[in-house]
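The primary structure of each chain is shown beneath.
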Amino acid sequence: KRLKQARSGTSGGGSRQAPALAQDAPACRQDTRRANGPDEDDQAQNPRARAALLRVAIRTGAAAAPPDLDALGLPRVRGAV
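Residues numbered from 1 in each chain as written. Predicted model: local features only at pLDDT ≥ 70, side-chain atom pairs only at ≥ 80, totals over all residues. Heavy atoms only, no water.

A. Summary view of the overall build of the chain. Secondary structure assignment for the chain yields three helices and two strands. Its helices and strands in sequence order give the chain the pattern α-β-α-β-α, from N to C terminus. Among the 81 residues that make up the chain, the fraction classed as buried is 9%. For the chain, the share of sequence-separated contacts (at least 6 apart) that also reach a separation of at least 24 residues comes to 53%. (Helix = DSSP H or I, 4+ residues; strand = E, 2+ residues; numbered from the N terminus. Buried < 20%, exposed > 50% of the residue type's maximum accessible area, 1.4 Å probe, protein only. Contact = heavy atoms within 4.5 Å.)

What follows is the structure in structure tokens.
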């Protein structure tokens, strides 16, 4: 959820007293603001579907941002870039 907000440029604006930060062009846009849940037909066919949520993001023409390995919590490997 937070990754989608960050990549689409819809995350919080920060402090209004602080200077504006330079932002890259959004790599995706949000189709809907909320997560989409299953409809009644899906739930009738599969009762476990009621807990499923789908979040949609549509890619734009902007280049993809490199992954932030620190935010993902991955361990550092010696000799890796």
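Having seen the model, we can carry on.
B. Representation of the environment of S8. Relative to the assigned elements, S8 resides in helix α1 (residues 2–8). The spacing of S8 and A25 is 17 residues in sequence and 8.4 Å in space, taken between C-alpha atoms. Those residues within four positions of S8 in sequence are excluded, and the remaining contacts are P26, C28, R29 and Q30.

C. Molecular detail of a nonpolar patch on the surface. A cluster of nonpolar side chains, L69, L72 and L74, forms an exposed patch at the surface whose accessible area comes to about 290 Å². One can find L69 in helix α3 (residues 69–72). Exposure remark for L69: the relative accessible area of 40% places this residue in the partly exposed category. (Patch = residues over 30% accessible without salt bridge, like charges linked within 9 Å, V, L, I, M, F, W, Y side chains within 5 Å. Areas by Shrake-Rupley, 256 points an atom, 1.4 Å probe, with all protein chains shown as cover. Salt bridge = Lys/Arg side-chain N within 4 Å of Asp/Glu carboxyl O.)

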